[in-house]
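In case you want the letters, here they are:
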Amino acid sequence: MFPDDLHDWYLDRFALTPSEITLDVHFNDMRKRIRLSGVRRCLVNNLLTSNVIFEAKVVSVDHEPELYNEEVTRLEETYPINPTGLPVFCISASLGAAMTIEFTDIQISDLP
């Protein structure tokens, strides 16, 4: 879904509304906007002024179920609700922010 799982991309912007999260990322001259809508739960750790992505993935019950279960367990520890089966966007960090976001829809667009 993402080039090289966004390895070594920089997180430039994190915007949050009650049901949407927007992330702007860049690597050299490539810039992308990732918009997650229908956000049900979100966990962000270690957000810094400089954040470098190690890996970004969308996981689900059917796609990488072991990682999906780990991420959902992390969400359950902070925000327990009935299981939703929604996909999860997860970022592991080389530096800074690690994220687990449960959502219904994702849009990825190029930025100038």
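See the structure shown above.
The notes below deal with the structure included here. (Residues numbered from 1 in each chain as written. Predicted model: local features only at pLDDT ≥ 70, side-chain atom pairs only at ≥ 80, totals over all residues. Heavy atoms only, no water.)

Notes on the overall build of the protein
Then, in step 1: Regarding its fold elements, the protein presents 1 helix and 8 strands.
Then, in step 2: Reading the helices (α) and strands (β) of the protein from amino to carboxyl end gives β-β-β-β-β-α-β-β-β.
Then, in step 3: Whereas a compact globule of 112 residues would reach a radius of gyration of roughly 13 Å, the protein reaches 13 Å, a difference of no more than 12%.
Then, in step 4: Judged by the C-alpha coordinates and their principal axes, the protein covers about 40 × 25 × 25 Å.
Then, in step 5: Within the protein, the 18 negative side-chain charges are centred at a point lying 7 Å from the centre of the 9 positive side-chain charges. (Helix = DSSP H or I, 4+ residues; strand = E, 2+ residues; numbered from the N terminus. Rg over C-alpha atoms; globule rule 2.2 N^0.38 Å. Lys, Arg positive; Asp, Glu negative; His and termini not counted. Charge placed at Lys NZ, Arg CZ, Asp CG, Glu CD.)

What to know about the layout of surface pockets
Then, in step 1: Taken as a whole, the largest pocket holds about 150 Å³ of empty space.
Then, in step 2: Lining the largest pocket we find 14 residues, and of these Glu-71, Arg-74, Cys-90, Ile-91 and Ser-92 sit closest to its centre.
Then, in step 3: Of all the secondary-structure elements, those providing two or more residues to the lining of the largest pocket are strand 4 (41-45), strand 5 (51-59), helix 1 (65-78), strand 6 (88-95) and strand 7 (98-102).
Then, in step 4: Taken together, the residues that form the lining of the largest pocket break down as 7 nonpolar, 3 polar and 4 charged. (1 Å grid on protein atoms, 1.4 Å probe; cavity = no way out; pocket = protein on both sides within 12 Å on 5 of 7 lines; lining within 4 Å. Points joined across faces, edges and corners; volume = space filled by probe spheres on them. Nonpolar A, V, L, I, M, F, W, Y, C, P; charged D, E, K, R; others polar.)

Functional significance is not addressed by these values, which are geometric in nature.
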